[in-house]
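Read off the chains here:
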Number of protein chains: 2
Amino acid sequence: MATHSRALDLRHGRVDLGHGAGGRSMAQLIEQLFLRHFDNPWLRAQNDGACLSLPPDAGRIVMATDCHVVSPLFFPGGDIGSLAVHGTVNDVAVAGGRPLWLSAAFILEEGFPLADLERIVVSMAEAARAAGVAIVTGDTKVVERGKCDGVFINTTGVGVAVPGVTLDPANIRPGDAIIVSGTLGDHGMAIMSQRESLSFESELRSDSAALNGLVDAILAAVPGVRALRDPTRGGLAAVLNEFAQAAGCGIHVRESAIPVRPEVTASCELLGLDPLYVANEGKLVAACAPEDAPRVLDAMHAHPLGRDASLIGYAQIDERCFVQMETAFGGRRMVDWLTGEQLPRIC
Amino acid sequence: MATHSRALDLRHGRVDLGHGAGGRSMAQLIEQLFLRHFDNPWLRAQNDGACLSLPPDAGRIVMATDCHVVSPLFFPGGDIGSLAVHGTVNDVAVAGGRPLWLSAAFILEEGFPLADLERIVVSMAEAARAAGVAIVTGDTKVVERGKCDGVFINTTGVGVAVPGVTLDPANIRPGDAIIVSGTLGDHGMAIMSQRESLSFESELRSDSAALNGLVDAILAAVPGVRALRDPTRGGLAAVLNEFAQAAGCGIHVRESAIPVRPEVTASCELLGLDPLYVANEGKLVAACAPEDAPRVLDAMHAHPLGRDASLIGYAQIDERCFVQMETAFGGRRMVDWLTGEQLPRIC
C-alpha cells in the first residue's frame, strides 16, 4: 500500500486511538509492524480472513484459543509475545493436532510504547518461526488509557489432527502411567519473582516453549498414548484432577518422583506456594498404558524439552476420583483442585 | 464434573480472580455458564482444543479473528456477545468461507456482575445458533479491577472455503460494479447515541447481523463475484480505498445512490460525523463484473438482509487509486481514508 508511506515512529511513538480506528493509522501499524515481522502470503493478502489449503489427507482439524494477560509483559525466559505463541501451539499439540496456523489479535492501551509493541511482535514472530507455524490473520483494537493493561493478546491455533491418534483423558484406565516431561513451577515462579522483586530472581526462568516437536516425538513412539495435557494455570494438580474426573478413576503420585528445581522449591516456600499448583508453559503431562511407559519416557528423554521427564505415578481404581500423593516423608495427602486464586495473570 | 456442584450465584455474584485461576471456581464458571449455554459435543469434551471433522470435499479453510471491546456492552440491536459472533462469522463469510466453528475467549474484569456475563453468553449462544455455527473451544482470563473494561471477547472463526470461489479485491477491474447490501452507519450511530445519550437514540438500532446466509445467496447467484467485504471500522470509505489500492484502479460512487437512514443522517450531522466513515456490522460491499450486477442485486434484494441493496458506483482506470464521489448536489469530492480516530471502541 504505497499511500501509507509515512513511517511509524517505532522508537519514541505511542499507540493512539487512531491505530484501532480502521483508517490510515491502522493500515500503517499493520503494514510497518505486523506485516513486516509476521510476513507470509496469507497476511500479505490483507483480506478479512485467511484462506488456507489443507494437506490432502486432512480429515480432522484441531482448534484452540487463549487470551494472554500476563503481568509483567516481559519476564526472564520470555514475554507476552512468545508466551502467546507457545500457549496456543501447545494447546493444539496436546489435543492431537499438528499446529500450522495462528491468528493473533491485540488489545492495546492508548499510550503503550510502540517500541515495546515491536519487541513483543518480534518475539512472536521468532516463536512462530521456531514452532513452524504461520500467523495468518489478525486484528488490532485500541482502548482508552486505563481500560486495559498495556497489551492483551489472543492467539487461536488451527492444526491438522495426527491420523490414527485419539487423545482423550476419558480413555485413561486404572494402572496407566502418569509421566511429566520435566521440572514443574518454573514459569509461575519466574513471573512471581519479577512481581515481588525477589532477590533470587536471576535464577528463575520461565520454561515457556513450543511443545509440538516433543508431542510429535511421543506420538511417533507411542501412537496409543491415552492423553496429553500442558499443566498451565492450576498446575499439575489441575491436570491430575481433570484426568481423574474424566476417566472416573483415582490417581496416585509420589512427591519424590516429581521434578522441581531447588530454586523453585525455595521461592515457593518463601511465598507460601505449592509447586503442584504453579503454572508451567513448556511442560506436558502424559498418561499411557503401563507397558508403553518406557517408550514414552525414552522419547521424552531424547528430546531437549523432555530431558528431565519422570514417571510420577499411576491411575488407580477409585470411584471418588481422588488424586493422592505419597509425600517425601512417607505420608499421604490429597491433591485437590486449587480453590480460589493462587497466581493471577500468570499467562 | 460432579465435584463442581456448588452453584454459581448468577443473580448477585461477581467475577473474582479465582474464576480465571485454573481451579475449582474456573471449572464451575465453565460448566455452569459457558458449557450450559454453548452446549455441543466439542465443548463438552473439555479438552484444551477441539477436534473437528472436515466435510469430505474440504480443500481449503478460511480463518478470521476479532477482539471485541465495544462500549457500552449493551446497545439497541445487540450487545458485545451477539456482535462478537456476527463480526467473526462475517469476516469468514466475506473471505469466501462457510463459517462452521468459533472459538470464544473472554477477558473479564474482577467485579463484573455474573448476571451481565450470563446475558452476554446467552446472546452469543443465540447468535451462534441463528448463524449455524458452534462455539467449540474457549478460554477465560480474569484481570484485576481497573485493568480492563468489564469484558472483552475474542472470537476466531473457521469455515470451509466455498469450492470454485475466489474472492480477492486484487481481481477488481475498471468497469466493475460496486454494490452495498443496505443502509450505512446504523451500527456506529446506535453506539454513539448510547454514549452521548442523544434524545433520538430510540430510533437508532445497530444492524448487527450474521451475513453468511446473504453471502451464500450471492455466491449461488454469481460465483464469479470479485470481492466482498464488510464495512466495519472505517466504514464504506475504508473498504472502497482498500478495493482501489488492491486493484490498482480508482472508484467512482454517487452519493445519491448510497442508502442512509434519515435518522442516521440527522445524528451524523448533529455529531459532525460522516456516514461513509461510520461502522456497520450487518452490511457488505460487493464488487462484480458489470454484467453480473443485476443478478447480484436480485440475490441481495431477495434476502431479508439485502432489501435496501444499491449499486453505488464503478471502478475506473486511475493509477492514483483515488476514490471519488459525485455529491448529491452534483459536485465531486475525494473519499480518503479516515485519518485519526473517529469512533473508538465501536466494535
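K.L.:
Please explain the overall build of chain A as it appears in this structure.
P.N.:
Within chain A, the regular secondary structure consists of nine helices and 14 strands. For 347 residues, the compact-globule estimate of 2.2 N^0.38 gives 20 Å, and the C-alpha radius of gyration of chain A, at 21 Å, lies within 12% of that figure. With respect to the three principal axes, the spread of C-alpha positions in chain A is 70 × 55 × 35 Å. Here chain A holds 347 residues, and the buried ones make up 65% of them. Counting contacts in chain A only where the partners sit at least 6 residues apart, residues at least 24 apart contribute 84% of the total. Accessible surface, chain A as shown: approximately 12100 Å² in total, 49% of it carbon and sulfur. Taking the 28 positively charged and 41 negatively charged side chains of chain A as two groups, their mean positions are separated by 3 Å.

K.L.:
Hey, could you run me through the relation of the copies chain A and chain B in this one?
P.N.:
Note: a rotation about an axis with an accompanying shift along it relates these two copies of the chain. If you rotate chain A by 180° and push it 0.0 Å along the axis, it lands on chain B with an RMSD of 0.0 Å. Taken together, these values place the two copies in the relation of a two-fold axis. For chain A, the residue whose C-alpha comes nearest the rotation axis is Cys148 of chain A, separated from it by 2.1 Å. With an isologous cut-off of 70% or more, the 100% of interface residues of chain A that recur at the interface of chain B puts this contact in the isologous class.

K.L.:
Help me understand the sheet that holds strand S2 (residues 60–68) of chain A, please; the structure alone is not making it clear to me.
P.N.:
Note: strands within a sheet are paired through backbone hydrogen bonds, in either parallel or antiparallel orientation. Read across the open sheet, the five strands follow the order S6(A)-S5(A)-S7(A)-S2(A)-S1(B); overall the sheet is mixed. Each of the sheet's edge strands pairs with one partner strand only, and the pair in question is strand S6 (134–143) of chain A together with strand S1 (50–53) of chain B. Neighbouring strand axes in the sheet, compared pairwise and without regard to direction, differ in orientation by 20° on average. Sheet topology note: the strand S5 (residues 97–109) of chain A/strand S7 (residues 151–161) of chain A ladder contains 11 bridges and is antiparallel.

K.L.:
What's the story with the packing of helix H5 (residues 186–196) of chain B against helix H8 (residues 262–271) of chain B in this structure? I'm lost.
P.N.:
Any two packed helices are characterised by how steeply their axes cross, that is the angle between the axes, and by the distance between the axes. All names here are of chain B. H8 packs onto H5 with a crossing angle of 55° between their chain directions and a minimal axis gap of 10 Å. Judged by the angle between their axes, H5 and H8 are oblique. Remark: the crossing between H5 and H8 carries left-handed chirality. In contact with Asp186, Met189, Met192 and Glu196 of H5, H8 contributes Val264, Ser267, Cys268 and Leu271. Counted by class, the contact of H5 with H8 contains five nonpolar, one polar and two charged residues.

K.L.:
What exactly am I supposed to notice about the side chain of Asp176 of chain A here?
P.N.:
Residue and element names in this part refer to chain A. Counting through the fold element by element, Asp176 comes out in the loop between S7 and strand S8 (177–180). In terms of polar contacts, Asp176 uses its side chain to reach the backbone amide nitrogen of Arg173, at 2.9 Å. Every residue in contact with Asp176, bar those within four places of it in the chain, is listed here: Asn171, Arg226, Cys288, Ala289, Pro290, Gly313, Tyr314 and Ala315.

How each quantity is defined
Residues numbered from 1 in each chain as written. Chains lettered and ligands numbered in written order. Predicted model: local features only at pLDDT ≥ 70, side-chain atom pairs only at ≥ 80, totals over all residues. Heavy atoms only, no water. Helix = DSSP H or I, 4+ residues; strand = E, 2+ residues; numbered from the N terminus. Rg over C-alpha atoms; globule rule 2.2 N^0.38 Å. Buried < 20%, exposed > 50% of the residue type's maximum accessible area, 1.4 Å probe, protein only. Contact = heavy atoms within 4.5 Å. Areas by Shrake-Rupley, 256 points an atom, 1.4 Å probe, with all protein chains shown as cover. Lys, Arg positive; Asp, Glu negative; His and termini not counted. Charge placed at Lys NZ, Arg CZ, Asp CG, Glu CD. Least-squares fit on C-alpha atoms with pLDDT ≥ 70 in both. Pairing = 2+ DSSP bridges. Axes fitted to C-alpha atoms, helices over the stretch in contact; angles between N-to-C directions. Parallel < 35°, antiparallel > 145°, perpendicular 65-115°, else oblique. Left-handed = near helix turned anticlockwise from the far one by under 90°. Nonpolar A, V, L, I, M, F, W, Y, C, P; charged D, E, K, R; others polar. Polar contact = N/O pair within 3.5 Å; in protein donor to acceptor, adjacent residues only side chain to side chain.

None of the figures reported here should be taken as evidence of function without further support.
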